[in-house]
Structure formats: C-alpha cells, structure tokens
Amino acid sequence: MLSFNQQVLRTDLSGMPLEWIDYRVAARLYFLGQVAYACGDRLFVLRGGINAVTRSRSLLEIHSIIATYGVHRVLNKLQEDYLPPLSNRTLFQRDDRMCMYCGQRFSTRHLSRDHVRPTSKGGEDQWRNVVTACLRCNNYKAGRSPEDAGMELLAVPFTPTHAEYIYLMGRHVLADQMAFLRAHFPRTSPLHRRIGRGTFK
C-alpha cells in the first residue's frame, strides 16, 4: 500500500532525471499542462469535484515518473563539471551504510564521515576523499592516512553522477523508478552491483 509520502521522479523531455517531487507538486504540473508524458506505474488517483452539467467527476492519475516541458534550473547542474553536494546522508547511501574499513554495516547514528587523506594534512572535504566509517574505525584512524594507521580501504571513493545522486537522494525508490535511473548510470558505476545484489536501499 503506497502512502502519500511516495515520491514521483521528474525528468525533462528527453527523459533525463531531474528531481524527486511529491504528489502535490506533480498534480500542480499536470494541472498547469507541464507534463509531456508519464511512464512507470500509476501511483495515485486523485478525484476532483462533480461537474454540475455533465455530472461526471474529474480524475487525475499520477504515475511514478513524469516528463515535463521547459527548461528547468536543475539542467544547469548537468554540465560536465557538476559536482553534487556532499552530505552524510548521501555519502552513507553511496557506501551502502558500510564502514569502508571493517566492512560491517551500521545504522546511521553509528556512522561518520572519514577523510581518507586527513584535512590536517591537506585533504579536501569532497567526494573522492571521503568514505563512510564506523565510529570505532574513525576514532582509531584519527588524523592518519589509512596506510599510517595500518588500515585497508575496501573501496575507492567516487563522485556520483547527477543520475546516481538523484538515486541516492530518493526515499523508498520503487522498482520501475530504480530501473529507469539505473539506465542513466555509467556502465562502470559501483551502484549497479549493489542494486543487483538487492542490498542497496
């Protein structure tokens, strides 16, 4: 049973993923004639009032993926030099909520952001220099590099593309939305393996 918290994936006319929106924003886009086409499963059926003349009731079907007209501000983010904003939430999702040192999965409250090259030694707070670490491993590593701490990094940190970032930002991503987004991932994306194992999200 879907709740009204279920997100709708918005794309541009070419099908490029743009953002997640809720059903109210989607309904407004339909009403304004901004929806070019819809795909994916039907999520909601919204019922309006009854026409006084025809006695018919208006219905609006909202699908899981909608393509919209016009130039959207998100398109500016699709340039080659675009870097998605880094947050602990998306970092932990990128790394499958797994500590990149001990290999165990933890709840969010037991995870932290670790700088592979410590900031005290010139390391930057950016995607390619941060990994998810449990509190214990992060405290042990402290201000050292993994080599100096005698710790092995289990995966190479990477910067997600815009489509990967949209996926990481999603809550309760549906199977049809997942398949749609996955088609926009680079062939070499580590997210393919995680989704394929059914362990991601």
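Below is a summary of the structure that appears in this document.

Basis of the calculations
Residues numbered from 1 in each chain as written. Predicted model: local features only at pLDDT ≥ 70, side-chain atom pairs only at ≥ 80, totals over all residues. Heavy atoms only, no water. Phe/Tyr/Trp six-rings, centres within 6.5 Å; stacked < 30°, edge-to-face > 60°. Helix = DSSP H or I, 4+ residues; strand = E, 2+ residues; numbered from the N terminus. Buried < 20%, exposed > 50% of the residue type's maximum accessible area, 1.4 Å probe, protein only. Lys NZ or Arg CZ within 6 Å of the ring centre and 35° of its normal. Core = buried A, V, L, I, M, F, W, Y, C linked by side-chain atoms within 4.5 Å. Contact = heavy atoms within 4.5 Å. Arc of directions from axis to C-beta. Polar contact = N/O pair within 3.5 Å; in protein donor to acceptor, adjacent residues only side chain to side chain.

Okay, the packing of aromatic side chains next. Applying the stated criterion across every chain yields a total of two aromatic pairs. Judged by centre distance (5.6 Å) and plane angle (55 degrees), the rings of Tyr23 and Phe44 are tilted. Remark: Phe44 occurs in strand S3 (residues 35-50) and Tyr23 occurs in helix H1 (residues 23-31); sequence separation between them is 21 residues. The residues Tyr23 and Phe44 share a single accessibility class, namely buried. Over the face of the ring belonging to Phe158 we find Arg94, whose NZ or CZ atom lies 5.4 Å from the ring centre.

Let us now look at the nonpolar core. The biggest cluster of nonpolar side chains holds 14 residues, and the ones touching the most others in it are Leu9, Trp20, Ile166, Tyr167, Leu181, Phe185 and Leu191. At the level of secondary structure, the elements contributing two or more residues to this core comprise helix H5 (162-169), helix H6 (175-182) and helix H7 (191-197). For this core, the leading source of residues is H5, giving four residues. Not counting chain neighbours up to four residues away, the residues in contact with Leu9 comprise Pro17, Glu19, Trp20, Ser64, Ile65, Ile66, Ile166, Gln177, Phe180 and Leu181.

All right, on to H1 then. Restricting attention to buried positions, one finds in H1 the residues Tyr23, Ala26, Ala27 and Leu29. Here the buried residues of H1 occupy an arc of 160 degrees about the axis, which is enough to place them on one side. Exposed positions of H1 whose direction lies more than 90 degrees from the buried face are Arg24, Arg28 and Phe31. Between the side-chain oxygen at the start of H1 and the backbone nitrogen of Arg24 there is a gap of 3.0 Å, and the oxygen is on Asp22. Count one or two residues on from H1 and you reach Gly33, which has phi positive near 75 degrees.

Remember that the coordinates give geometry; whether it matters functionally is a separate question.
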